[in-house]
Amino acid sequence: MLQSQNVAFAAIALFTCLPVVQAQDDYDGFARTALARPVEPHAALPNGELLGFDGVALTRYDAALNPLSVVAIPPDPIYSVAFPSFVTVSPDGLQAFVGRTACNASFTDCDFGDLWSIDLATGAANFEGLLSGNFDGAFADGTTAFVSAKPCGFSCPHASVYRVALGSGALTEIVEIPGASGPVAVDVAGNLIVGTASDLFPPPAGASSVLLFPAADVTGGLLLTPADGFVLASGLEGATRLAVDRLTGDLFLAANRYEPDAMGNDATVNRVYLLEGGESTVVFAGEPGWTLGNLEVEGGDGTARLFPYQPSTGGALRFRAVDYFAGISHFREYVPARPELTATALGGTAQLALAGAGDDNAVFLFLAPASASLATEVPLQLPAVLHAPLFLGLDPGLAVLDPAPLFTDGNGEAARNYAIPAGLPSGVYAAQGVLFSLSARALGTTTVAIL
């Protein structure tokens, strides 16, 4: 028996108020596209062009990966074998900031690192100082950058974050953190975000945290410690790269955890997390054995979120995945994708088919006259219990709920034939589903099917 819309939406409210779980087990809820990108560390410019840094040259590419220009970064005369650490672009797209480490020709001494800024309009490269063990960098603004490093190598128990005065090359140590150097980022408010990392391999469980240091604190003269920061997330392993959605302010972390597989061998378990409200929520979980890096985020429309099963206007997640044992890698883009609901009339029955809904999930169907379908879907915002809104495409006052859920198979598909419900006006109908995990967490809504 179909339920009234009041009962139906009460049921949704009940399900969405159950405890939050990390329901995303793979790339379900995203459309995946392979992208042509430089194999070296790279960054995207606002106009879609790319910068790749291989340790000795910064190459500018168009979107099709055709080289446009090359800026040579002079090698050190002794430490001539250079390796890229990072490349990052200023928010206005006018500057690049790169770091590298290097060894001598015989690889008997690798205790070298340096930093450079590049004016992207003129191609002029400016030396910003020596800093061995540099790992990651981020712009604060057009005159200041931050870089994480462990200049003393394994001989000391801590890593550091430095403030770099661009143009003068003045380095100021501002944060000292136990362990290895980790990723850094600057959020939209100018706060410094730092991911901590363990010196041990594989890292112990829960060894990584993400800390926020207020903008006012990192511009002062005090040397800060983790106790001076605010914990954004903890209990993680293998913090690798951070990325900020400049439109929404959302913060994402790529992490690679190493743990024994079914055969007892160490395998990489990779995740991309959304960090908010002191929680780390899995947005993407990749295939075991791959290591994630070069994380990029493109903002969406500000309503949909960069989260599984959202509309494609939620933005895009991009990263490189590397299988070091096989010596292969790929760079891919992941855009949120809604489950597709299609309807076919079969006499007095309706056949509804669902695709792209993820493995082993449940879908509750709402039906209504086609006139109840909305020209613009309404986002149901429940920020206390939902990480992303549910987009409703039917008028709630005219929709009724079929209480018997569809359960998806291993391909994320499901189908049902049933009699067109009594009580609805005859003619053309519409249907939409609400997707739940089997742990009863609302994941998203399907597209609207017109019958």
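Anything mentioned here points back to the structure above.
Here we summarise the structure given alongside this text. If you're wondering where the values come from, they're calculated on a predicted model, not measured in any experiment.

### Here's the deal with the pattern of salt bridges
Counted by the stated rule, this structure contains 12 salt bridges. K150 serves as the salt-bridge partner of D199, at 2.6 Å between the closest nitrogen and oxygen. Of this pair, D199 sits in the loop between β15 (192–195) and β16 (208–213) while K150 sits in the loop between β11 (144–149) and β12 (158–165), and the two are 49 residues apart along the sequence. Taking the shortest distance from any N to any O, the salt bridge between R318 and E296 comes out at 3.9 Å. Of this pair, R318 sits in strand β23 (residues 315–323) while E296 is found in strand β22 (residues 291–299), placing the two residues 22 residues apart along the sequence. If you follow the salt bridges from partner to partner, you end up with R37, E296, E298, R318 and E333 in one network.

### Topic: the environment of N270
Structurally, N270 can be placed in strand β20 (residues 266–276). We classify N270 as buried; its relative accessible area is 0%. When the C-alpha atoms of N270 and P288 are compared, they prove to be 6.8 Å apart, with 18 residues separating the residues in sequence. Ignoring anything within four residues of it in the chain, the contact list for N270 reads A255, N256, F284, A285, G286, E287, W290, T291 and L292.

### A few points about the pairing of strand β7 (residues 95–103)
Among the 9 residues in β7, 8 count as buried, and that is most of the element. Between strand β6 (residues 81–89) and β7, which pair antiparallel in sequence order, lie 5 residues; one of them, G93, sits at a positive phi of approximately 75°. Of the strand pairs in this sheet, β7 and strand β8 (residues 112–119) are connected by 8 bridges, and their pairing is antiparallel. Across the sheet, residue A102 finds its bridge partner in β8, namely F112.

Procedures and definitions
- Residues numbered from 1 in each chain as written.
- Predicted model: local features only at pLDDT ≥ 70, side-chain atom pairs only at ≥ 80, totals over all residues.
- Heavy atoms only, no water.
- Salt bridge = Lys/Arg side-chain N within 4 Å of Asp/Glu carboxyl O.
- Helix = DSSP H or I, 4+ residues; strand = E, 2+ residues; numbered from the N terminus.
- Buried < 20%, exposed > 50% of the residue type's maximum accessible area, 1.4 Å probe, protein only.
- Contact = heavy atoms within 4.5 Å.
- Pairing = 2+ DSSP bridges.

What is shown is where atoms sit, not what they do.
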